Amino acid sequence: MHGSAEVVGAGVVVVGSINVDQVVTVDRLPLPGETLIGTSMTLLPGGKGANQAVAAARRGAATTMIGAVGDDVHASAALPLLVESGVDVERVATAEGPTGLAVVSVGSDSENTIVVVPGANASVDEEAVARHAEVVSRAAVVVLQGEIPVSGIERAARLSAGRLVLNLAPVVAVSAEVVRLADPLVLNEHEGRLLLELVAPEAAERLAGRDASKDATGASSAAAPSDPSSSDASDVSSDDDAAVVAELRGLGVASVVLTRGAAGALVSDASGSWSVPSPRVRAVDSSGAGDAFVGALSAALAGGSSLLEAAQEAVRVGAYSVTTAGTQPSYPGVDDELPSTDEQVTALDSAAADGPTAESPATEVRA
């Protein structure tokens, strides 16, 4: 175990991955089979779990990290920013073998590709999570992602007695029961569709039929870019993504947050559904922006904010994070000035956002 200040019953407990990011910058991302000359290479701490823990701690939440690093030389590079940010890492185990590694390529347009080798993260399974059952069950907010074994995700979800922030990134085959425990379920627009294909194929078919119908009439069905950058998202309709949110709510999920990059986020819970705009910023590196959003959202929820209020802060944190290079080093503290927007939160059309209609019956889900 790795020592730091004891934080029992922390406001936010993150169960997830810890990586070292090998970040290579290039003028543009390579095509399949193509070799390019990179302009720089940097090793940085990363992993979706660690990123979200750092983001939550920097936004003022008492945060505990449960995960694992390897017994290799990369382990020492994986933890410093967690510790520096005030995250309790006592429950980070050391496993035999390599620390998780993410190979990140970042183009001059701030777009990125990421290949993850799990390494020690593969040891964060059901048994490993069960060793920390008391800490998980006492957390105000438990945060999970898709970079550890499914058994570990599901055990942590079932142990959670507080609020469960389930960020299925990447989308993995968790049970429909666990998906329904989320409050909120956090996905981007692409992951939302993938999850429906996995657990609710009938809903995915409805969406596919909707998209085909729009294409046939010449309407645009383009999705927003996946980073909250300076690109113009004003022409991107929220209708298609609102339909995804409606289908996800139709699974029986208490609340859903669908991130849409430069177009902000869609938020839906029992009190209503809204489109939350993102500030426009000049993007340098979009990697880790989604994790900044999730960490900030979780910190705000642990602090007593409503889901809508938490999402309004999280889009600003996500936008801040893309203005400098790297993942964890780019996350703002509580004293940093966040970008703002003049655009207003708008309520979504109730028919599109509240769930399947009479013509689209409640979704049957796969366990």
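Described in the following lines is the structure provided in the data block. (Residues numbered from 1 in each chain as written. Predicted model: local features only at pLDDT ≥ 70, side-chain atom pairs only at ≥ 80, totals over all residues. Heavy atoms only, no water.)

1. A look at the packing of helix 1 (residues 48-58) against helix 11 (residues 289-302)
Condition: Note on method: axes are straight lines fitted to C-alpha atoms, helices fitted across the in-contact stretch only, with angles between N-to-C directions ranging 0 to 180 degrees. Only DSSP runs of H or I with at least four residues qualify as helices, and only runs of E with at least two residues qualify as strands; both kinds are numbered from the N terminus onward. The labels follow the angle: roughly parallel below 35 degrees, roughly antiparallel above 145, roughly perpendicular from 65 to 115, and oblique for the rest. Rotating anticlockwise by less than a right angle from the far helix to the near helix defines a left-handed crossing, while the corresponding clockwise rotation defines a right-handed one. Contact between two residues is taken to exist if any of their heavy atoms lie within 4.5 Å; hydrogens are not considered. Three categories are distinguished: nonpolar for Ala, Val, Leu, Ile, Met, Phe, Trp, Tyr, Cys and Pro, charged for Asp, Glu, Lys and Arg, and polar for the others, with Gly belonging to the last.
Look at helix 1 against helix 11: their axes get within 7 Å of each other, and the N-to-C directions meet at 50°. With respect to their mutual orientation, helix 1 and helix 11 come out oblique. Note that helix 1 runs across helix 11; the crossing there is right-handed. From helix 1, Lys48, Asn51, Gln52, Ala55 and Ala56 reach across to helix 11, where they touch Asp291, Ala292, Val294, Gly295, Ala296 and Ala299. Within the contact of helix 1 with helix 11, the residues separate by chemical class into six nonpolar, three polar and two charged.

2. Details of the pattern of salt bridges
Spelled out, the test is: Within this document, salt bridges are pairs made up of a side-chain nitrogen of Lys or Arg and a carboxyl oxygen of Asp or Glu, the two lying within 4 Å of each other. Buried, partly exposed and exposed residues are distinguished by accessible area as a fraction of the type maximum, computed with a 1.4 Å probe on protein chains only: under 20%, between the cut-offs, and over 50%, respectively.
As enumerated under the stated definition, the model contains 14 salt bridges in all. For Arg138, the salt bridge goes to Glu134, with nearest N and O atoms at 3.4 Å. Here Glu134 and Arg138 lie together in helix 5 (residues 133-138), a separation of four residues that amounts to about one turn. On the accessibility criterion, Arg138 (45% relative accessible area) is partly exposed. One salt bridge connects Asp241 with Arg193, and the closest N-O pair in it is separated by 3.2 Å. Separated by 48 residues along the polypeptide, Asp241 in helix 10 (residues 239-249) and Arg193 in helix 8 (residues 189-199) bring together distant segments of the chain. Owing to a relative accessible area of 3%, Asp241 belongs among the buried residues under this scheme. The partly exposed category is assigned to Arg193, whose relative accessible area is 22%. Sharing partners across several salt bridges, the network here consists of Glu154, Arg158 and Glu177.

3. Details of the side chain of Gln328
The line we're drawing: Whenever a nitrogen or oxygen atom comes within 3.5 Å of another N or O atom, the pair is scored as a polar contact, on the condition that within protein one atom can donate a hydrogen and the other can accept it, and that pairs from neighbouring residues in sequence are kept only if both atoms are in side chains.
Turning to its location among the elements, Gln328 is positioned in the loop between helix 12 (307-321) and strand 14 (346-347). Relative accessible area serves as the criterion here: at 0%, Gln328 is assigned to the buried category. Of the polar contacts made by the side chain of Gln328, one reaches the side chain of Asn51; its length is 3.1 Å.

4. Some thoughts on the layout of surface pockets
As a reminder of what qualifies: The rule is simple: put a 1 Å grid over the protein atoms alone, call a set of points where a 1.4 Å probe fits but cannot get out a cavity, call an open set with protein on both sides within 12 Å along at least five of seven lines a pocket, and count a residue as lining if it has an atom within 4 Å of a point. Grid points are joined across faces, edges and corners, and a volume is the space filled by probe spheres set on the points.
Quantified by volume, the largest pocket comes out at close to 820 Å³. Every residue lining the largest pocket is counted, 40 residues in all, and those nearest its centre are Lys48, Asn188, Glu191, Gly288 and Gly290. Contributions of two or more residues to the lining of the largest pocket are made by strand 2 (19-25), helix 1, strand 6 (100-106), strand 7 (112-117), strand 10 (185-188), helix 11 and helix 12. Broken down by element, the lining of the largest pocket gets its largest block of residues, five residues, from helix 11. Of the residues assigned to the lining of the largest pocket, the class counts are 15 nonpolar, 18 polar and seven charged.

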